[in-house]
Amino acid sequence: MSTRVAEASIAGVVPVGPTAASAPRRLSDATREPAWVRRLLIIVALAFLTLFLFVPLIAVFAEALKKGLDVYLAAITEPDAVSAIKLTLIAAAISVPLNLAFGLAAAWAIAKFEFRGKNLLLTLIDLPFSVSPVIAGLIFVLVFGLQGWFGEWLRDHDLKIIFALPGIVLATLFITFPFIARELIPLMQAQGTEQEEAARVLGAGGWQIFRRITLPNVKWALLYGVILCNARAMGEFGAVSVVSGHIRGQTNTMPLHIEILYNEYQFAAAFAVASLLAALALVTLALKLMVERRARSTAHGAAGRTS
């Protein structure tokens, strides 16, 4: 064995002696950037964030409160604004639980089972990422509009989807349904099926396996996906704009209401409602950070117990 090590060291494959001890240090030095490069990258990143994130965010709140608190409160409590806020929350409250059920079912099927059409299902889940939201809204108009495929049937049965809440919910569902599934699928695939198979051998049923093994293992990724899905649902503009009809006080969500106010040169009111949407985004970001921190602490705790 010593002869082989000596031969390898001569060939330059395996360093021995002092060279072996210093190899990790030289490798670390080789992969470490100079201090000025690191500082330059940090400065560029901070400048980009300041210019394109912090400054616009501060500007929104500054413009919202520019004319005083009374004008701000009047803008967010007037009937059309209240209706837009309620409609946004209702659309999110309906679409997020439905996406939660779909995301769990799709991720469980894709990660835990082999079946024909699996790759097609994965492709369809990614479809909203590649299709413009405006195109998605137009598709729903062509299908459910008065001149669409089911337009006459819906009219005969006194059902209204386009320019009403159902159309807004459908558009929001289409735009947001990949988020939860895409958070769960990689994690479930990495976890494998060994625990579920062991539970099955011990006599556990499908619901027991899901409730006691699968769901606890993915709870943080699931919560993270729900937060992202909710943020996207509340901020959606393109698809909802097409199917809503822009009826003030009835089918305008918060982004649509902001657009109308801005186009009418009601800048203070527009920025006031925009500040509410920005505040919801900041709350979502805070929840996201909390979930990530809790997930990391849970993972470190599990690793410590294992070691």
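Residues numbered from 1 in each chain as written. Predicted model: local features only at pLDDT ≥ 70, side-chain atom pairs only at ≥ 80, totals over all residues. Heavy atoms only, no water.

A.B. asks: Would you explain the overall build of the protein chain in this entry?
C.D. replies: Helix and strand content of the protein chain: 17 helices and zero strands. Of all 307 residues assigned to the protein chain, the portion counted as buried reaches 34%. Sequence-distant contacts in the protein chain: of pairs separated by 6 or more residues, those separated by 24 or more amount to 70%. Accessible area of the protein chain: about 18800 Å², with a carbon and sulfur share of 68%. (Helix = DSSP H or I, 4+ residues; strand = E, 2+ residues; numbered from the N terminus. Buried < 20%, exposed > 50% of the residue type's maximum accessible area, 1.4 Å probe, protein only. Contact = heavy atoms within 4.5 Å. Areas by Shrake-Rupley, 256 points an atom, 1.4 Å probe, with all protein chains shown as cover.)

A.B. asks: Hey, could you run me through the pattern of salt bridges in this one?
C.D. replies: Summed over the entire model, instances satisfying the criterion amount to seven salt bridges. One salt bridge in this structure joins Glu264 and Arg248, with 2.7 Å as the shortest N-O distance. Of the two residues, Glu264 is situated in the loop between helix H16 (254-263) and helix H17 (267-306) and Arg248 in the loop between helix H15 (238-244) and H16; the sequence distance between them amounts to 16 residues. Judged by its relative accessible area of 37%, Glu264 is partly exposed. It is possible to trace a salt-bridge network through shared partners that takes in Asp80, Arg248 and Glu264. (Salt bridge = Lys/Arg side-chain N within 4 Å of Asp/Glu carboxyl O.)

A.B. asks: Teacher, can you tell me more about unusual backbone geometry here?
C.D. replies: Of all residues except glycine, most have a negative phi; of all peptide bonds, most are trans. The phi dihedral of His246 falls on the positive side, at around 55 degrees, and the residue is not glycine. Relative to the helices and strands, His246 is located in the loop between H15 and H16. Given the relative accessible area of 28%, His246 is considered partly exposed. The backbone of Tyr265 shows a phi angle near 65 degrees, a positive value even though the residue is not glycine. Relative to the helices and strands, Tyr265 resides in the loop between H16 and H17. Here Tyr265 falls in the exposed class, since its relative accessible area comes to 66%.

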